[in-house]
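Spelled out from the first residue to the last, the chains are:
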Amino acid sequence: MSSIIPYTFPETESPVRVVAIDGEPWFVAADVTAVLGYSNGRMAVANLPERMKSSVTIADGTPGNPNRSVISESGVYRLVMRSTMPEAERFQDWIAEDVIPSIRRTGSYSVAPVAPSLPDLTTPQGVLALAQQFARTAEQLVEADAKLRELEPKALAHDTLMAAQDGDVLIREAAKSLGWQEKQLRGFLLDEHLIYRRQATCGVTQYDFYAANAAHFNAVLRTVEHTWGSRAHYTLHVTPQGMGLIQKRIAKRQAEMRDAIGGAA
């Protein structure tokens with residue numbers, strides 16, 4: 001059974017419910033299709049790729065079947081692109097700029113330290129429990145510090161890269177400027193929901209950006225010749241604005257990790 005995070009789209013005062021599945025936000029499909037003006041919301045959702053839709057049980061007091069269809073963030077953007085409603089673009093911006101950051105601040109990315117209850121120190125068992133508690137806290141501090149160090153940009157700074165290059169750069173070049181591995185930066189961009197994976201028609205895994213991040217990334221088309229024919233592949237580039245956004249997201253994640261260390265201490 002999933003708990004609900006309720007939101008209200010300010011343009012139309014429409015409710016938009018969100019649930020967490022494996023730490024990721026999923027949106028109640030009926031709410032999204034209603035905002036986007038789909039006359040047959042079920043059909044619109046049925047036409048989405050399987051990876052973008054799921055079903056959860058929501059006990060919100062509504063009579064009838066508690067199972068609800070939900071769609072992923074990329075599924076929401078897919079429906080936005082197909083909508084004819086004038087509010088569709090503003091809905092997309094609201095999801096990307098307000099809802100998702102809010103969930104990260106208060107949901108899976110928040111760190112709310114809970115003060116542990118002290119064991120009874122008058123017994124050997126209590127002393128042992130306190131020692132184990134301190135050991136766990138020390139391990140958490142070491143782990144948080146290690147994650148923070150992973151996020152520290154090394155080598156060239158963002159300003160150095162931008163001074164040397166005015167145009168878009170490949171992911172590996174952006175990673176190099178941060179002192180990261182290309183795989184590490186891709187993982188970070190995926191975690192931050194700035195890009196997502198998709199399969200090309202030939203089966204190759206490609207990376208693309210959400211429509212809300214069009215100013216930060218650019219997909220360059222190239223034609224690849226296969227033995228059975230030619231197919232279009234896309235190579236992802238980071239724009240100068242995108243480098244600035246990445247730096248901000250890194251700084252934000254660093255601040256969260258410092259807060260975690262401070263809370264654990």
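Our subject is the structure listed above.
The rules behind the values
- Residues numbered from 1 in each chain as written.
- Predicted model: local features only at pLDDT ≥ 70, side-chain atom pairs only at ≥ 80, totals over all residues.
- Heavy atoms only, no water.
- Helix = DSSP H or I, 4+ residues; strand = E, 2+ residues; numbered from the N terminus.
- Buried < 20%, exposed > 50% of the residue type's maximum accessible area, 1.4 Å probe, protein only.
- Contact = heavy atoms within 4.5 Å.
- Areas by Shrake-Rupley, 256 points an atom, 1.4 Å probe, with all protein chains shown as cover.
- Salt bridge = Lys/Arg side-chain N within 4 Å of Asp/Glu carboxyl O.
- Axes fitted to C-alpha atoms, helices over the stretch in contact; angles between N-to-C directions.
- Parallel < 35°, antiparallel > 145°, perpendicular 65-115°, else oblique.
- Nonpolar A, V, L, I, M, F, W, Y, C, P; charged D, E, K, R; others polar.
- Core = buried A, V, L, I, M, F, W, Y, C linked by side-chain atoms within 4.5 Å.
- Phe/Tyr/Trp six-rings, centres within 6.5 Å; stacked < 30°, edge-to-face > 60°.
- Lys NZ or Arg CZ within 6 Å of the ring centre and 35° of its normal.

Draft legend 1. Main features of the overall build of the protein chain. Secondary structure assignment for the protein chain yields nine helices and 10 strands. Split into buried and exposed, the 265 residues of the protein chain put 40% on the buried side. Of the contacts made within the protein chain by residues no fewer than 6 positions apart, 54% connect residues no fewer than 24 positions apart. Of the accessible surface of the protein chain, which amounts to about 15100 Å², a share of 53% is contributed by carbon and sulfur atoms.

Draft legend 2. Here's a closer look at the pattern of salt bridges. What the rule picks out here adds up to five salt bridges. Among the ionic pairs, Arg90 bridges to Glu11, the shortest N-O distance being 3.2 Å. Highlighted residues: Arg90 in helix H4 (residues 88–106) and Glu11 in the loop between strand S1 (5–9) and strand S2 (14–21), separated in sequence by 79 residues. Overall, Arg90 belongs to the partly exposed group, its relative accessible area being 37%. Salt-bridge contacts for Glu50 lead to Lys53; the nearest nitrogen and oxygen are separated by 3.4 Å. Given the relative accessible area of 17%, Lys53 is considered buried.

Draft legend 3. Region of interest: the packing of helix H7 (residues 171–178) against helix H8 (residues 182–191). Where H7 contacts H8, the axes come no closer than 8 Å and their chain directions differ by 100 degrees. Classified by the interaxial angle, the pair formed by H7 and H8 is roughly perpendicular. Packed against H7, whose contacting residues are Ile171, Arg172, Ala174, Ala175 and Leu178, the element H8 presents Glu182, Leu185, Arg186 and Leu189 at the interface. Partitioning the contact of H7 with H8 into residue classes produces six nonpolar, no polar and three charged.

Draft legend 4. Broad picture of the nonpolar core. Ranked by internal contacts, the top residues of the largest apolar core, which has 28 residues, are Phe27, Ile71, Phe91 and Ile95. Elements with a contribution of two residues or more to this core: S1, S2, helix H1 (29–35), helix H2 (41–46), helix H3 (73–82) and H4. Ranked by residues supplied to this core, first place goes to H4 with eight residues. Judged by nonpolar contacts, the second largest core, of 21 residues, contains Trp180, Ile195, Leu236 and Val238.

Draft legend 5. Up close: the packing of aromatic side chains. Inspection of the entire model under this criterion finds six aromatic pairs. Here the aromatic rings of Phe91 and Trp94 are separated by 5.8 Å at their centres, their planes lie at 35 degrees, and the arrangement is tilted. One end of the pair is Phe91 and the other is Trp94, both in helix H4 and three residues apart, which spans about a single turn. Grouping residues by exposure puts Phe91 and Trp94 together as buried. Note on Phe209 and Phe217: the rings are 6.4 Å apart at their centroids and 20 degrees apart in plane angle, and the pair reads as stacked. Here the two residues Phe209 and Phe217 agree in accessibility, since each one is buried. Aromatic rings pair up to connect Tyr7, Phe9, Phe91 and Trp94 into one cluster. Over the ring of Tyr207 we find Arg186; its NZ or CZ atom is 4.5 Å from the centre of that ring.

Draft legend 6. Examining the side chain of Asn213 more closely. Tracing the backbone through its elements, the reader meets Asn213 in the loop between strand S8 (205–209) and strand S9 (217–226). With relative accessibility at 10%, the residue Asn213 sits in the buried group. When near neighbours in sequence (up to four residues on either side) are disregarded, Asn213 contacts His193, Leu194 and Leu245.

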